[in-house]
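# Reading the structure
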Amino acid sequence: MEKTENLLLITPERCIGCGTCELACSIGHEGEFRPAVSRITVHRFEGGVNIPMACLQCDKPACAAACTTGALEKDTQTGLVNVNPAKCIGCRMCVMACPFGNVLYSMEEKQPLKCDHCGGAPMCAEFCPTNAIEYLPADTATVQRKKAFSAKIAAGIAEVEI
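Residues numbered from 1 in each chain as written. Predicted model: local features only at pLDDT ≥ 70, side-chain atom pairs only at ≥ 80, totals over all residues. Heavy atoms only, no water.

So, about the nonpolar core. Side chains of nonpolar character tend, in soluble globular proteins, to be buried together. Ranked by internal contacts, the top residues of the largest apolar core, which has 15 residues, are L8, C21, I40, A54, C115, C124 and I133. With near-sequence residues (within four places) excluded, A54 lies in contact with L8, I10, R39, I40, N102 and C115. Counting ten residues, the second largest nonpolar core, distinct from the first, contains A64, A71, V81 and C88. (Core = buried A, V, L, I, M, F, W, Y, C linked by side-chain atoms within 4.5 Å. Buried < 20%, exposed > 50% of the residue type's maximum accessible area, 1.4 Å probe, protein only. Contact = heavy atoms within 4.5 Å.)

Quick look at helix α1 (residues 20-30) now. Buried residues of α1: C21, E22, A24, C25 and S26, and no others. Against the buried residues of α1 lie β2 (41-45), α4 (123-127) and β8 (133-137). Downstream of α1 by a residue or two, G31 has a phi angle that is positive, lying close to 75°. (Helix = DSSP H or I, 4+ residues; strand = E, 2+ residues; numbered from the N terminus.)

What follows deals with the environment of I51. With respect to the helices, strands and loops of the structure, I51 is situated in strand β3 (residues 49-53). Classification of I51 by relative accessible area gives partly exposed; the value is 22%. Residue contacts for I51: discarding those within four places in its chain leaves P12, T41, V42, H43, F45 and F149.

Using the criterion set out here, one finds five salt bridges in the structure. Between E134 and R14 there is a salt bridge; the shortest N-O distance is 3.1 Å. Taken together, the residues span a long stretch of sequence, with E134 in strand β8 and R14 in the loop between β1 (6-10) and α1 at a distance of 120 residues. For E134, a relative accessible area of 18% translates into the label buried. The class of R14 is partly exposed, set by a relative accessible area of 34%. Between E30 and R39 there is a salt bridge, and its shortest N-O distance comes to 2.9 Å. Through salt bridges that share partners, E32, R34 and E108 make up one connected network. (Salt bridge = Lys/Arg side-chain N within 4 Å of Asp/Glu carboxyl O.)

Below is the structure:
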């Protein structure tokens, strides 16, 4: 049986920078409205450009490859990169390895924080008022859109060369 994978599809042109996704994520995971512990971050730029960013659940995740204890692993059933807190030693190599900066580290919990699609019902997508974040089946069209957006991000990173 072939797996059906869903993905978070982000359309920055629709994002108004309201931060509802950050609040929904933090309340869903941490039980409090605190964007600093949200697994999604809205980057706000001049001219009203807002870009929500969350883990892209890479096919070959650099964060998992950098993890020496196997605390981050790609789930072959769901396609998600999951964190096993019991294996984490707090080295933060996963944070440094993510080329998109989408892995955070909780000093309180002593473990990485990254998007887990809220177990299949992402709060960020559910509460986004403009549908800038959608949770859709990864059919050909949505995969192509996700790859096109990822290519834009990669091009921007290459241009900046931090």
